[in-house]
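Results of the structural survey
Here is what each chain is made of, one letter per residue.
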Amino acid sequence: MFPFIFLSLQPNFLPIMKIKEIVSALERFAPLPLQDGFDNAGLQIGLTEAEATGALLCLDVTEAVLDEAIALGYNLIISHHPLIFKGYKSITGKDYVERCILKAIKNDIVIYSAHTNLDNAQGGVNYKIAEKIGLKNLKVLEPKESNLVKLVTFVPYAQADVVRQALFAAGCGNIGNYDSCSYNLRGEGTFRAKEGTHPFCGTIGELHHEEEVRIETILPIYKKVEVVKALVAAHPYEEPAFDLYPLQNNWQQAGAGIVGELDEPETELEFLKCIKKTFEVGCVRHNKLTGREIQKVALCGGAGAFLLPQAIRMGADVFVTGEIKYHDYFGHEGDILMAEIGHYESEQYTKEIFYSIIRDLFPNFALQLSKINTNPIKYL
């Protein structure tokens, strides 16, 4: 007789996934420091150390969306619009937001939102709208300002490549469609190591001359801590010297809105009919048609009317956004075609961005696009 050893083989075994892993993936794509000052993106409710049973992806969090997640057995909801914008002194269920908070906590559901950080991120909300319209040659309409820093450090010549690679891996050196960007200048550094030190080169108490490389590179300011940590870890010196300089350069890879081009020009009416169909709009509001051809398109999801002057300065033929105020329509007939397609309609495909981010990294994780239409505006 041979003893039998029973193994629990599960061909469809799924590794345990913590909610914080999903959150980290989202924040690598759309870092929270990219959000606008008024916003409240990020973790809204719950504990991210919990095991994730599945994620429901939506534009808005409502009671119906929470019921949908509960029915699916999912404990994570990822939304574009934050459920919580203001501070609360009490939670009594007096409005839908408070009822959602109570229901989420009662059912151990984590709510996470990526809002203006996803609007401002490369590949984010506005890029998805541009993709649906079919635009090419995309540029950020209003790039972020004062968000870049220049790093300068000095490294022994033989170790310069190792340090450069560590800096690039930490997020330095990205300019437009180029990466690994740096400027390097050879020179001579001097130092004298005092008692109690452990110099990489030179002798304690003696002035040392070392052939070094001055490395200059650029990074987003929110990556400063991560980059300095990588620099110190890779640098051979016990006390590496480095400088950080704030820059006034526009950050062309992050910001509000997008401008791009159609493959072929269209008439104003053709273009309006196309976006009405693409975004399933009940009513496209626009200013007077003047017979111009439409090829250069500026756009911004949601309430993007603040970018209208920038769209005009960029020479766009049309500006597409979710909301435009009545008085904003006056005086622009000769400048640009304005097309208002609705806040919900302009951002409805944000769920697809969430899906792609998570599915690419975690192909076996349970994901569901919400089937609830949360648009509060109806068309007769």
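Every value quoted in this text rests on a predicted model; they were computed, and no experiment measured them.

Conventions and cut-offs
Residues numbered from 1 in each chain as written. Predicted model: local features only at pLDDT ≥ 70, side-chain atom pairs only at ≥ 80, totals over all residues. Heavy atoms only, no water. Buried < 20%, exposed > 50% of the residue type's maximum accessible area, 1.4 Å probe, protein only. Helix = DSSP H or I, 4+ residues; strand = E, 2+ residues; numbered from the N terminus. Arc of directions from axis to C-beta. Contact = heavy atoms within 4.5 Å. Pairing = 2+ DSSP bridges. Axes fitted to C-alpha atoms, helices over the stretch in contact; angles between N-to-C directions. Expected span 1.5 Å × (residues − 1). Patch = residues over 30% accessible without salt bridge, like charges linked within 9 Å, V, L, I, M, F, W, Y side chains within 5 Å. Areas by Shrake-Rupley, 256 points an atom, 1.4 Å probe, with all protein chains shown as cover. Salt bridge = Lys/Arg side-chain N within 4 Å of Asp/Glu carboxyl O. Phe/Tyr/Trp six-rings, centres within 6.5 Å; stacked < 30°, edge-to-face > 60°. Lys NZ or Arg CZ within 6 Å of the ring centre and 35° of its normal. Right-handed = clockwise from strand over helix to strand, strands pointing away. pLDDT = per-residue confidence, 0-100. 1 Å grid on protein atoms, 1.4 Å probe; cavity = no way out; pocket = protein on both sides within 12 Å on 5 of 7 lines; lining within 4 Å. Points joined across faces, edges and corners; volume = space filled by probe spheres on them. Nonpolar A, V, L, I, M, F, W, Y, C, P; charged D, E, K, R; others polar.

**Section: helix α7 (residues 224-234)**
Along α7, the residues classified as buried are V227, V228, A230 and L231. The buried residues of α7 occupy one face: seen down the axis, they fall within an arc of 160°. Structural note: α7 exposes V225, K229 and A233 on the side pointing more than 90 degrees away from its buried face. Considering only its buried residues, α7 is in contact with β6 (148-156), α6 (160-169), β8 (207-220) and β9 (242-247).

**Considering the sheet that holds strand β1 (residues 42-45)**
Overall, mixed pairing links the five strands, which are arranged β1-β4-β3-β2-β15 in an open sheet. Each end of this open sheet is capped by a strand with a single partner; those strands are β1 and β15 (367-369). Between one strand and the next, the sheet's axes are offset by a mean angle of 25°, whatever the strand orientation.

**Quick notes on helix α11 (residues 350-361)**
Taking 1.5 Å of rise per residue, the 12 residues of α11 would be expected to cover 16 Å, and the 18 Å separating its terminal C-alpha atoms lies within 8% of that figure. Those residues of α11 that fall on the buried side of the exposure criterion are T350, K351, I353, F354, I357 and I358. For α11, the arc enclosing every buried residue in end-on projection is 160°, short of the 170-degree limit, so these residues lie on one face.

**Focus on a nonpolar patch on the surface**
A contiguous nonpolar patch, built from V232, F242 and L244 and spanning about 210 Å² of accessible area, is present on the exposed surface. Structurally, V232 can be placed in helix α7.

**Regarding the packing of aromatic side chains**
The final tally for this structure, using the stated rule, is five aromatic pairs. Judged by centre distance (5.3 Å) and plane angle (80°), the ring pair of Y326 and F330 falls under edge-to-face. Ring pairs connect the aromatic residues F191, F200 and Y237, which therefore count as one cluster. The ring centre of Y349 lies 4.3 Å from the NZ or CZ of K132, which sits over that ring. The ring centre of Y157 lies 3.8 Å from the NZ or CZ of R186, which sits over that ring.

**Concerning the environment of I357**
Assignment of secondary structure puts I357 in helix α11. Apart from the residues lying within four places of it in its own chain, the contact partners of I357 are A25, L26 and F29.

**Describing the pairing of strand β2 (residues 55-58)**
Residues of β2 alternate between two faces, with A55 and L57 on one and L56 and C58 on the opposite face, all of them buried. Relative to strand β3 (residues 76-79), β2 is paired through four bridges, and the arrangement is parallel. In the strand pairing of β3, L57 is matched with I78. Read as a crossover between parallel neighbours, the route from β2 over helix α2 (residues 63-72) to β3 is right-handed. Bridging between β2 and β15 involves three bridges; their strand directions are parallel.

**Quick word on the confidence of the model for the chain**
Looking at the chain, the pLDDT average stands at 94 and 96% of residues meet or exceed 70. In the model, residues 1-11 has pLDDT below 50 throughout and makes zero contacts with residues more than four positions away in sequence or in other chains.

**Observations concerning unusual backbone geometry**
You will see that S146, though not glycine, has its phi angle at about 55°, which is positive. Positionally, S146 belongs in the loop between β5 (136-144) and β6.

**Quick notes on the layout of surface pockets**
Within this model, the largest pocket holds a volume of roughly 530 Å³. Around the largest pocket, the lining is made up of 22 residues, and of these R28, P220, Y222, K223 and W251 lie nearest the centre. Broken down by secondary-structure element, the contributors of at least two residues to the lining of the largest pocket are α1 (19-29), β8, α7 and β10 (251-267). By residue class, the composition of the lining of the largest pocket is 13 nonpolar, five polar and four charged. What the second largest pocket holds in volume is close to 260 Å³. Taken together, 15 residues line the second largest pocket, and the ones lying closest to its centre are D60, H81, H343, T374 and P376. Taken together, the residues of the lining of the second largest pocket break down into eight nonpolar, six polar and one charged.

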